[in-house]
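Inside the fold
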Amino acid sequence: MSLDRHMFADKLQRYMAQLQVTANDVTQATGISPDRMTAILNCIADPTGDEVLILADFFRCDYRFFISNEKLAPFEQTESLFRKHGSDLTREDRWAIQEFLFLCECQAFLLSQISDVARKPFTFAKTGDFFKAHGQEAAESLRRHLGYGAAEIPANVYEAFRSIGIHVFRRKLGRSTISGLFIRHPTAGPCVLVNYSEDVFRQRFTACHEAGHAILDDGEDFVVSYTKGPAGDHLSEIRANTFASRFLLPPTVLQQQSITWTEATFLDTAARLMVNAEPLAYALRDLHLIGNPQVDTFKRLKVPAGEKKDPELPDSLSQRSRERKQELLQRGLSDAYVGLCFDSYERGTISASRLAEMLLIAEVELADLATLYRRAMSHGD
Amino acid sequence: MAIDFSAFHLHNIADTCAVWNVLSSNRLFRAALSANVAFACTGVVIYECLHKPRKSESEADRQLQNRLRAAAKASEVTVCPIQIEDLQIVALLENRKRLGKGELSTIAFAIRTRQAVLSDDQKARRLVNDIMSRPAQTTPHLFGWLYFVNRLSDSDKDIVIGEHREVGRPLELHLEAAYREALRCRLMAANSKGART
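Each value, and the rule that gives it
Residues numbered from 1 in each chain as written. Chains lettered and ligands numbered in written order. Predicted model: local features only at pLDDT ≥ 70, side-chain atom pairs only at ≥ 80, totals over all residues. Heavy atoms only, no water. Helix = DSSP H or I, 4+ residues; strand = E, 2+ residues; numbered from the N terminus. Rg over C-alpha atoms; globule rule 2.2 N^0.38 Å. Buried < 20%, exposed > 50% of the residue type's maximum accessible area, 1.4 Å probe, protein only. Pairing = 2+ DSSP bridges. Axes fitted to C-alpha atoms, helices over the stretch in contact; angles between N-to-C directions. Contact = heavy atoms within 4.5 Å. Core = buried A, V, L, I, M, F, W, Y, C linked by side-chain atoms within 4.5 Å. Salt bridge = Lys/Arg side-chain N within 4 Å of Asp/Glu carboxyl O.

**Focus: the overall build of chain A**
Along chain A, the regular secondary structure elements total 19 helices and 4 strands. The C-alpha radius of gyration computed for chain A amounts to 23 Å, which stays within 12% of the reference 21 Å derived for 381 residues, consistent with globular compactness. Counting only C-alpha atoms, chain A reaches 75 × 50 × 35 Å along its principal axes. Across the 381 residues in chain A, those meeting the buried criterion constitute 60%.

**Thoughts on the sheet that holds strand 3 (residues 77–80) of chain B**
Residues and elements named next belong to chain B. Overall, parallel pairing links the 4 strands, which are arranged 3-2-1-4 in an open sheet. Either end of the sheet is taken by a strand with one partner, and the two such strands are strand 3 and strand 4 (116–118). Neighbour-to-neighbour, the strand axes of the sheet open up by a mean angle of 35°, direction not taken into account. One ladder, built from 3 bridges, connects strand 1 (residues 11–14) with strand 4; its direction is parallel. Paired with Asn12 across the two strands is Ala116, which belongs to strand 4.

**Re the environment of Arg112(B)**
All names here are of chain B. One can find Arg112 in helix 6 (residues 101–113). With a relative accessible area of 42%, Arg112 lands in the partly exposed category. Each C-alpha atom, one on Arg112 and one on Glu85, is 9.6 Å from the other, the two residues being 27 residues apart in sequence. In this view, Arg112 contacts Pro81, Ile82, Gln83 and Asp86; residues no more than four positions away in its chain are not counted.

**Remarks on the side chain of Arg60(A)**
Structurally, Arg60(A) can be placed in the loop between helix 4 (49–58) and helix 5 (64–67). Once residues within four sequence positions are removed from consideration, Arg60(A) is found in contact with Gln98(A), Glu99(A), Phe102(A) and Leu360(A).

**Comments concerning the nonpolar core**
Residues and elements named next belong to chain A. Membership of the largest hydrophobic core comes to 101 residues, with the highest contact counts inside it found for Phe59, Tyr63, Phe66 and Leu359. For this core, the leading source of residues is helix 7 (residues 91–113), giving 13 residues. Among residues more than four places away in sequence, those in contact with Leu359 are Arg331, Leu333, Tyr337, Val338, Cys341, Phe342, Leu366 and Leu369. Residues Ala138, Val194, Leu273 and Ala283 belong to the second largest nonpolar core, which totals 52 residues.

**A short note on the pattern of salt bridges**
All names here are of chain A. Here the structure, examined in full by the defined rule, presents 36 salt bridges over all chains. A salt bridge links Glu51 to Arg36, with the shortest nitrogen-to-oxygen separation between them at 2.6 Å. Here Glu51 is found in helix 4, whereas its partner Arg36 is found in helix 3 (residues 34–41), with 15 residues between them in sequence. Its relative accessible area of 25% is what places Arg36 among the partly exposed residues. Across the pair Arg60 and Glu99 runs a salt bridge whose closest N-O atoms are separated by 3.3 Å. Separated by 39 residues along the polypeptide, Arg60 in the loop between helix 4 and helix 5 and Glu99 in helix 7 bring together distant segments of the chain. The same class applies to Arg60 as to Glu99, namely buried.

**Points about the sheet that holds strand 4 (residues 222–226) of chain A**
All names here are of chain A. Reading across from one edge, 1-3-2-4 is the order of the 4 strands in this open sheet, with mixed pairing throughout. On the outer flanks of this sheet lie strand 1 (167–171) and strand 4, each paired with one strand and no other. The average undirected angle you get between the axes of adjacent strands in this sheet is 15°. Both strand 2 (residues 178–185) and strand 4 contribute to a ladder of 5 bridges, which runs antiparallel. Of the residues in strand 4, the one forming a bridge with Ile183 is Phe222.

Here it is as structure tokens:
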């Protein structure tokens, strides 16, 4: 089968445009000579097999995407996303999204290879056209599906959504006003990215909000949510917010709080329920437990930062491990994902070289990461 | 699978890990070249060794990169390009998603040219052994074979292992084991030859 030179050059140019890199950037990062790069882009020469693999590594995609017509990469989705929201995304944000999608692909592949991981796929059929009710019913249904007690507050929402087949990653998005996004990957399925730049409770709510999109916006290829943005009043945004609120703050929990609502009791409750002031204030109002004047007062309150614990950075970590793991988390590498990768390596599912690719590092950097996670590399015979 | 230290295929296409392990010891690399062992690697392996961005770069990594540049310049390590057609063969492999791109390119090249794959990764070797008639070779195998054919002496062992350890490579235990086993095989071969004459 011969290569379609024009198709290859077109895909390459479109990736370069999406990720805002020049031919010079590519040649410097890959070692492909400028002359070769020019010849490939101008359809004067076919790329070699090496060049295809190197470019796939650089753009973090399956190399077969470049040489086949199969829908192996979420290329159309990212192209539309970057076109629609391009002005809100820096070049670093675009790369963060590209790497996030690569991590989702890797995670989907690794999970497909492991038969003993408990998975609880969840689907929800909407009825009627009242969007808010969809959010409420889906949250209640998911809580039941996950076996939560009536008063149970999910400790680690990231794990909860991963268990139902949504690929959730957190990643620092530089100067972006984007709080999170959902993309339906053609091979990996629903993928949720949470902006790690935001505070811990906000990230928790965003994860639920984006999961709401993943569960309820079945016709959408992607949805972007802003910290404060024009889409805030859109019906699907209201629905996703309702889902998040009802998942984290179910009425049974809030109605049990037989207390007089003061600023102190409100903040104490917010910290205990692991939400910021604003969503708690609106949730209480929706249940008629407080009135509008209290909402205005309470929603401006701040839960002290020291009260906000990240479930993926436990207190038990030493200071140095904590800093290293935080640094990795900012790049999307959660304990759960890194653990899955090392488990797969130890089981013989993937080679050390593939393990390094999946962890976004070079092979020579593996030993250091293995030490941090107390894993052993096996070599030789 | 037990290694036969009496035999070593001379033409090797090395993956990234094996390139670093062979170059980790100058004594080992020189002995191999003097025994007519030829090393090649693909463009992807060169990219992974020399160009792929690192989050942090160690002194050992820089040293190995310099050695590879020098070896490539002196044609002691040949860079062999793989073609699109090679990739299309690899694309059919069920296990392609389990291997890194350097390993895939190495296997693709070895399939076409019938060279031996030199890899120190167990998973990659298992795949090579499944699909190719010639089993993959390893750096400890090379080390042991060089003893078997008397290209290394006893005093070289600690030098090779010391050089290997100095640049942070992980095969010390395997090199020790290969050394002992190769000497045992050499002794048995000599005894059996003596018995025949």
